Amino acid sequence: MDLSSLTPYIRRAMDHRAHVGWSLPERVIFDYELLYVKDGELEVQVEDQVYHGIPGDLFLFKPSQRHAFRSFGPIPLQQPHIHFDLIQQPDSPDVKISFKPLSDMSETERGWFRPDLLSEPPFRLPNHFRLRNPFPIESLIMELIQEMERQLPYYELKARSIFLALWTTLLREWGKQDQPDWMTNWEAFLLLKQHLLAQLNRPVPLEEMAQTSRMSRTSLIRFFRAAFGVTPVKYHLGLRIERAKELIQFSSAPITRISEELGFDSIHAFSRAFRRLEGVAPSFYRRNGS
């Protein structure tokens, strides 16, 4: 999934409090729900897995997953939560929040289930997160709830921007837990990216990239792909093509000269690479000027 295509629709955001012993019977939902345990304790069952939620824990309930929960422990439960579509659809404003099991749903309701994109790459998110540092996520959740409750002018735009900040924070937190090498090698990646940005006039061999990052070629490819979704060679090619787009749009230099300045062997090699990444010929940007 292309992360740039995210257009979240926030269906509900509220700070819910419940007494000890409160429970929610088994249900399935049409959308996603992000639930944060701020106070109290929560026993959560998702399909056949049971979790014990404590303050600072985060739960993600996905479309069509059976789940139920109950509050227990010595103090009342505080569980701020958000219902959302990851990608807004034409019927997003009409879809309701479900409190039913699948067996009680009508055919119309069964057509409201969103595709579960969060169980697939690049996300592969679990149902339960034990956050190492819950404060940033808690702050963003509470800010989002406040924005949705106050409904000031342009609140929907503001709420979406807060959600995207929340989502980025959550993905980075999960990346630390799921792929610890991703964070361990981050300094090496930053060093390599700086080097590649300074070498847009030529292709950089993989061996040179490995030496710059102080990693083996095999490790560099594996960890870089895990972090950025592409190989370092393709990443550098993308940087060179982006530079070419700028020069085509904002200079009058011939496209042949631009391809030479960026280190391509021929205009044909440049055009093939450009089409492969952009889907159009280089001249498209010269004609359209945007």
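Structure report, in brief. (Residues numbered from 1 in each chain as written. Predicted model: local features only at pLDDT ≥ 70, side-chain atom pairs only at ≥ 80, totals over all residues. Heavy atoms only, no water.)

### Points about the pattern of salt bridges
Rules: The term salt bridge refers to a pairing of a side-chain nitrogen on Lys or Arg with a carboxyl oxygen on Asp or Glu at a separation within 4 Å. Going along the chain from the N terminus, every DSSP run of H or I of four or more residues is numbered as a helix, and every run of E of two or more is numbered as a strand. Relative accessibility decides the category of a residue: with a 1.4 Å probe and only protein chains considered, values under 20% of the type maximum give buried, values over 50% give exposed, and everything between is partly exposed.
What the rule picks out here adds up to 18 salt bridges. When the shortest N-O distance is used, the salt bridge between arginine 66 and glutamate 26 registers 3.5 Å. With arginine 66 in the loop between β6 (57–61) and β7 (67–72) and glutamate 26 in strand β2 (residues 23–27), the pair connects residues that are 40 residues apart, well separated along the chain. Given the relative accessible area of 40%, glutamate 26 is considered partly exposed. A salt bridge links glutamate 33 to arginine 27; the nearest nitrogen and oxygen atoms lie 2.7 Å apart. Assigned by exposure class, glutamate 33 and arginine 27 land together as buried. Members of the salt-bridge network, linked through shared partners, are Arg11, Asp31, Asp85, Asp91 and Arg114.

### A word on a positive patch on the surface
Put simply, the rule is: Patch membership is restricted to residues that have no salt bridge and whose relative accessible area is over 30%. Joining uses 9 Å for like charges and 5 Å for the nonpolar side chains Val, Leu, Ile, Met, Phe, Trp and Tyr. Only the protein chains shown count as covering a residue, and every accessible area follows the Shrake-Rupley method with a 1.4 Å probe. When charges are counted, Lys and Arg are positive and Asp and Glu negative, with His and the chain ends excluded. Lysine's charge is taken at NZ, arginine's at CZ, aspartate's at CG and glutamate's at CD.
A contiguous patch of positive charge on the surface is contributed by Arg225, Lys234, Arg272 and Arg276. With respect to the helices, strands and loops of the structure, arginine 272 is situated in helix α10 (residues 267–278). For arginine 272, a relative accessible area of 54% puts it in the exposed group.

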